[in-house]
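# Structural description and commentary
Now for the letters of each chain:
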Amino acid sequence: MNPCAICLGGIGAGGGQAIFTAECSHTFHFHCISASVAHGHQLCPLCNAHWRELPFVRPADPMPPVDLVQPPQHRRLPTQPADPVVFDDDEQVGPAAGASADSPRPAGASSNGAVVVKTYTDYSAVARDSSRDNFGVLVHLKAPGTEAAGGAPAPRAPLDLVTVLDVSSSMHGRKLALLKQAMRFVIDILGPDDRLCIVSFSSRARRVTRLARMSDAGKALCARAVESLTARPGTNIAEGLRTAAKVLDERRYRNGGVSSVVLLSDGQDNYTSMRQAFGRGSPNYAALIPPYFARTDTTAGDRTAPIHTFGFGSDHDASAMHVVAEASGGTFSFIENEAVIQDAFAQCVGGLLSVVVQEPRVEVACVHPGVRVGSVLSGLYQSRVDEDGRAASILAGELYADEERRFLLFLVVPRAEETDGDATTLLKVTCAYRDAAAGGYINVTAEDTVVARPEHAADLARSVEVERELVRVEATEDIAAARAAAERGAHQEAVEILENRRRAVAQSEAARGGDAMIAALEIELRDMRRRVSSRQSYARSGRACMLAGMSAHMQQRGSSSQLQLPSVIGFHAGGVTTSMAGANQVSQQVAATLPYATPATLAMLLRSRKAREAAAESGQQQHKVQEGAEGSEPKVPEELNQ
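Along each chain, residues carry numbers from 1 onward, in the same order as the chain's sequence is written. Only residues with pLDDT of 70 or above have their local features reported here, since the model is predicted, and side-chain atom pairs are shown and tallied only from 80 upward, although totals for entire chains, interfaces and linings are computed over all residues. Values reported for side chains reflect all heavy atoms of the structure, with hydrogen atoms and water molecules removed beforehand.

### Looking at the environment of Arg 607
- Secondary structure follows DSSP: runs of H or I at least 4 residues long count as helices, runs of E at least 2 residues long count as strands, and numbering of each begins at the N terminus. Its location among the elements puts Arg 607 in helix H13 (residues 599-631).
- For the pair formed by Arg 607 and Phe 185, sequence separation is 422 residues and the distance between their alpha carbons is 9.6 Å.
- When residues no more than four places from it in sequence are discounted, the contact partners of Arg 607 are Phe 185, Asp 188 and Ile 189. We call two residues contacting when some pair of their heavy atoms lies within 4.5 Å.

### Focus: helix H5 (residues 318-328)
- Type-normalised accessible area, obtained with a 1.4 Å probe on protein chains alone, sets the label of each residue: buried when under 20%, exposed when over 50%, and partly exposed for intermediate values. The buried count for H5 comes to eight of eleven residues, which makes it a mostly enclosed element.
- Residues of H5 that are buried: Ala 318, Ser 319, Ala 320, Met 321, His 322, Val 324, Ala 325 and Ser 328.
- Elements that come into contact with the buried residues of H5 comprise helix H4 (237-249), strand S11 (258-265), strand S12 (307-312), strand S13 (332-335), helix H7 (464-487) and helix H11 (535-555).
- Looking at the residues trailing H5, positive phi occurs at Gly 329, about 85 degrees.

### Overview of the nonpolar core
- Formed by 55 residues in total, the largest nonpolar core has its most connected members in Val 162, Leu 263, Phe 293 and Phe 332.
- Those residues within four positions of Val 162 in sequence are excluded, and the remaining contacts are Cys 197, Val 199, Ala 244, Val 247, Leu 248, Ser 260, Val 261 and Val 262. Buried residues of nine kinds, namely Ala, Val, Leu, Ile, Met, Phe, Trp, Tyr and Cys, make up a nonpolar core once their side-chain atoms join them within 4.5 Å.

### What to know about the pattern of salt bridges
- Salt bridges are defined by distance alone: a side-chain nitrogen of Lys or Arg within 4 Å of a carboxyl oxygen of Asp or Glu. Per the stated rule, a full pass over the model turns up 40 salt bridges.
- Residues Glu 227 and Arg 184 are paired through a salt bridge, measuring 2.6 Å at the closest nitrogen-oxygen approach. Note that Glu 227 is positioned in helix H3 (residues 216-227) and Arg 184 in helix H2 (residues 174-189), a separation of 43 residues in sequence.
- Glu 227 sits in the partly exposed class, given a relative accessible area of 41%.
- Taking relative accessible area as the criterion, Arg 184 reaches 38% and is therefore assigned partly exposed.
- With a shortest N-O distance of 3.0 Å, Glu 250 and Lys 246 are connected by a salt bridge.
- A residue is classified by how much of its surface remains accessible, and Glu 250, at 23% relative accessible area, is partly exposed.
- In the salt-bridge network here, residues are joined through shared partners; they are Glu 499, Arg 502, Arg 503, Glu 522, Arg 526 and Arg 529.

### Description of the packing of H5 against H11
- Angles here are taken between N-to-C directions and fall from 0 to 180 degrees, while the axes themselves are lines fitted to C-alpha atoms, restricted in helices to the stretch in contact. One way to put it is that H5 packs onto H11 with a least axis distance of 9 Å and a crossing angle of 15 degrees. Relative to H11, H5 is oriented roughly parallel. The handedness of the crossing between H5 and H11 is right-handed. For the pair formed by H5 and H11, the contact residues are Ala 318, Ser 319 and His 322 on the first element and Arg 543, Ala 544, Leu 547 and Ser 551 on the second.
- Think of it as three bins: nonpolar holds Ala, Val, Leu, Ile, Met, Phe, Trp, Tyr, Cys and Pro, charged holds Asp, Glu, Lys and Arg, and polar takes everything else, Gly as well. Tallied by class, residues from the contact of H5 with H11 come to three nonpolar, three polar and one charged. By the definition adopted for this analysis, an angle is roughly parallel if under 35 degrees, roughly antiparallel if over 145, roughly perpendicular if from 65 to 115, and oblique otherwise. Take the far helix as your reference; a near helix turned counterclockwise from it by less than a right angle gives a left-handed crossing, and one turned clockwise gives a right-handed crossing.

### Some words on the sheet that holds strand S19 (residues 404-413)
- Read across the sheet, four strands follow the order S5-S6-S19-S15 without closing on themselves; strand pairing throughout is antiparallel. Of all the strands in the sheet, just strand S5 (116-121) and strand S15 (372-377) have a single pairing partner and so form its edges. Here the strands of the sheet are splayed against their neighbours by 25 degrees on average, with no regard to which way each runs.
- Paired strands, as defined in this entry, are two strands with at least two bridges between them according to DSSP. Pairing analysis gives five bridges linking S15 to S19, with the strands arranged antiparallel. In the strand pairing of S19, Leu 377 is matched with Leu 408.

Rendered as structure tokens:
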């Protein structure tokens, strides 16, 4: 019978006390180690191992979330701790806010054009006497831009944004100062029809502001709230998310626009039990996610808010942040460099402010009676194929302005019959979606997918679009395989997987053709290979980097982690450039550095970079003035020198 290293009491069967087994295999009485962790001890008392999985610790004095900052005209007495708190004090956006959510405009109404749907076949022809069991077809969606007819800015959907911010002790100092700077930028870029709620968490979560409209008064309120944030002990991510769920679920006015949550943390939740039964298996990170954020059936018009998560620094729980984002339809980003936190927020919020398409559903129907859909590659987007293979569907997720989605379908194509003519019509593809700004529902139909059926079809070139997407999908699969190898300690295997895939990417036709996305993919694989080479480097940044990369590629959406790839990014008035593209076109330079970037996210990145440079320059000038004042001798009036 082994003793507990804290109380020295015996540990064994029949003792009547709960036992905690740590990752390092040492055992303790559960109440002993829980009390130790509650006092901030996160190392094994016996071997000093740093624990990633901590025992559940319940706050000694649980309280419901409370308001820290309220508008002067709505000051209230503090709510009694025992009373339930209902967050139904959100500010109304306009005279029709809330009423228009259930009254969309007529179907077909669009403010800035429609989604463009195209298909590309693996090869342009299949010989008449040949059949294919795995014939690739690419379905490509592109959202409309932000300009209406005539070049004027199109109206956009209002945004309800809840920021859930870690203010634990580890955020003290420079980290908290940079977070406040980033939040001031977010407040500045939101428009008067957008609403913002700030939630902070340490050992407890607090709703710092109500869901307030970003008028001048609302911005001033939120700016004061941001400045009031202070670091406190504890990291309770789950409570922060529960508070965000209450804000969105209990709001009185639903503007019918876009809702989202941004979560930032630099640590690990030490207040929520995530251990599986008997301490076996991976932690149950789903315990962090409130039921409100579970994905719903968008075909019924029931939309939930994605949680976009940001892991800050090397000590955050990347696995937890990735699971939270993936389960809610959000993205996970790794902020390794503290200085780019504002840019990371800018890229994310810039996208949210440009949502033009909601609830897109792609329907695929086989036309020729012998054609069947075998499989669909859609990443994290839900897809299904009918049992008989005659139809398939894909839920493509919200689209930012000018954002693109690509999905690969693999078909069974039969031999051509005499009655088939010179071509076989394979598919009819349609896309139905909700216009985010106008509120109406729109249906778009692509041209029929057709393949020629000549007598002979030798030496045909593969479609560039299909080949490019295959390269991207295969690389994404190998990133996941390399991560799995690194998780089980096979770091050399992980390096070999990534290096083999990098070589395949570099030798692909897309790479030889100068495709900018493929160039960026090769750089990313090289960077990941370096980060998985040892246990230390993988724990420090490799795990977070790979999970962020998987999040970006599986959702085909830009990640702030890509801002930190080993290339030189230059922001200027004309756009964004990078040193690795030389004198090529700016569009290629941008894509090679920032995969999946859209004009809206790039514009917001440029705005953020300019704001940071202006703030740095202003700080330097103030520093010089102070140095000059301290170093100069006082000037003596001339009359005293006579």
